[in-house]
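Coordinates in review
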Amino acid sequence: MEEARGYFEFLANLGLTKHLGSMEATRQLLAMARVEEGEFVLDVGCGVGATPVYLVKERGCRVVAVDLLTTMVHQARERAARQGAEGSIVFAAADARRLPFADGAFDAVIMESLNVFFEQKLQAVREYARVTRSGGYVGMTEMTWLSEPSPKTADYYRRTVYADALQTHQWKALLEEAGLEDVEAHAEPVNMPQEGRGRIQRYGCSGMLRVMLRAVTVIFRDKASREFLADVTRTMPRDMMRDLGFGVYAGRKP
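Residues numbered from 1 in each chain as written. Predicted model: local features only at pLDDT ≥ 70, side-chain atom pairs only at ≥ 80, totals over all residues. Heavy atoms only, no water.

Scanning the protein from terminus to terminus reveals nine helices and eight strands. Counting every position in the protein, which comprises 254 residues, the buried fraction comes to 54%. In the protein, the share of contacts with a sequence separation of at least 24, taken over all contacts with a separation of at least 6, comes to 80%. Here the protein displays about 11600 Å² of accessible surface, and carbon together with sulfur accounts for 53% of that area. (Helix = DSSP H or I, 4+ residues; strand = E, 2+ residues; numbered from the N terminus. Buried < 20%, exposed > 50% of the residue type's maximum accessible area, 1.4 Å probe, protein only. Contact = heavy atoms within 4.5 Å. Areas by Shrake-Rupley, 256 points an atom, 1.4 Å probe, with all protein chains shown as cover.)

Right, dumping it as structure tokens:
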């Protein structure tokens, strides 16, 4: 996770959080995690804050949103203020593997595209379960291998975006090993038109324009960013999307 900080800082500078499945995955996640109107929800790895704002405006939830990077937290606070949701969200910097909350504090704990970046995934999922109330749900969306990837493809994702994905049955088993019950799992291929529509739904047309303008500025000014993008493009496997999808997973805390 520590070696991925540069990648996350790059995304924070763009004002973007990248989740495979985009808004479709988020909607599936909230349904599978039984997030009801007015519930107290923890969003772990909130990124630039799109999902916490959505939870407030569309579900009337009270939200605590945490991210490891203070730059992400700052971006998230700004987004919530722009969209009039800041009064219902508490933002903080925190490590997902050592959450600073009491046992059973939340009705639901969710995260999107987070656990792929952890070597000790089970430790993190047990921590999510710890802060969820009895009868509440832990839910997550994650990059998922739909079939066994080639070593070259798996290594490409580990090396470029520091993501170590699992297959559907492995993600499901992880939640079960953490003590969650009635675990549900669903995975599907990445649909690129759906991804594009979801980005616009999540950030709006003006938001995506800001992201593109920031990207041009960051790439022009920052040599490390230029080198990162050049490496990603140069070493991209032809079959990089063939086995890749997104998965949605949720389980109930007994």
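This is not the end of the story, as more comes after the structure.
Counting buried residues along strand 5 (residues 132-145), 11 of its 14 residues qualify, which places the element largely inside the surrounding structure. Bridging between strand 4 (residues 106-112) and strand 5 involves six bridges; their strand directions are parallel. Across the sheet, residue M111 finds its bridge partner in strand 5, namely M140. Regarding the hand of the β-α-β motif, the stretch spanning strand 4, helix 5 (residues 121-130) and strand 5 is right-handed. Pairing analysis gives nine bridges linking strand 5 to strand 8 (residues 244-252), with the strands arranged antiparallel. (Pairing = 2+ DSSP bridges. Right-handed = clockwise from strand over helix to strand, strands pointing away.)

What follows covers the packing of aromatic side chains. Taken as a whole and judged by the stated rule, the model has five aromatic pairs. Consider the rings of Y156 and Y157, whose centres lie 5.5 Å apart with planes at 80°: the pair is edge-to-face. You'll find Y156 and Y157 in the same group, each marked buried. Consider the rings of W171 and Y249, whose centres lie 6.3 Å apart with planes at 40°: the pair is tilted. With W171 in helix 7 (residues 168-177) and Y249 in strand 8, this residue pair connects regions lying 78 residues apart in the sequence. Comparing W171 with Y249 shows no difference in burial state: the two are buried. Here the aromatic cluster, defined as three or more aromatic residues joined through ring pairs, consists of F40, F101 and F106. (Phe/Tyr/Trp six-rings, centres within 6.5 Å; stacked < 30°, edge-to-face > 60°.)

By secondary structure assignment, the location of R79 is in helix 4 (residues 70-82). Buried and unpaired, R79 has no salt bridge, with E78 as the nearest side chain of opposite charge at 8.5 Å. Only 3.0 Å separates the side chain of R79 from the backbone oxygen of V48, close enough to count as a polar contact. (Lys, Arg positive; Asp, Glu negative; His and termini not counted. Salt bridge = Lys/Arg side-chain N within 4 Å of Asp/Glu carboxyl O. Polar contact = N/O pair within 3.5 Å; in protein donor to acceptor, adjacent residues only side chain to side chain.)

Another aspect to go through is a nonpolar patch on the surface. Side chains of L209, M212 and L213 sit close together on the surface and give an oily, nonpolar patch of about 310 Å² of accessible area. Checked against the element boundaries, M212 lands in helix 8 (residues 192-221). (Patch = residues over 30% accessible without salt bridge, like charges linked within 9 Å, V, L, I, M, F, W, Y side chains within 5 Å.)

Phi at S22 is positive, roughly 45°, even though this residue is not glycine. Inspection of the secondary structure puts S22 in helix 2 (residues 22-32).

With that out of the way, let us pick up the environment of M23. Tracing the chain through its elements places M23 in helix 2. According to the relative accessible area criterion, M23 is buried, its value standing at 4%. For M23 and T51, which are 28 residues apart along the polypeptide, the C-alpha to C-alpha distance reads 9.0 Å.

Right, let's talk about the nonpolar core for a bit. L42, V44, I89, Y128 and M143 are the most contacted members of the largest nonpolar core, which has 69 residues in total. Other than its neighbours up to four places away in sequence, I89 contacts P52, V53, V56, V63, A65 and A80. (Core = buried A, V, L, I, M, F, W, Y, C linked by side-chain atoms within 4.5 Å.)

Note that every value here comes from positions in space, so none of it alone points to a role or purpose.
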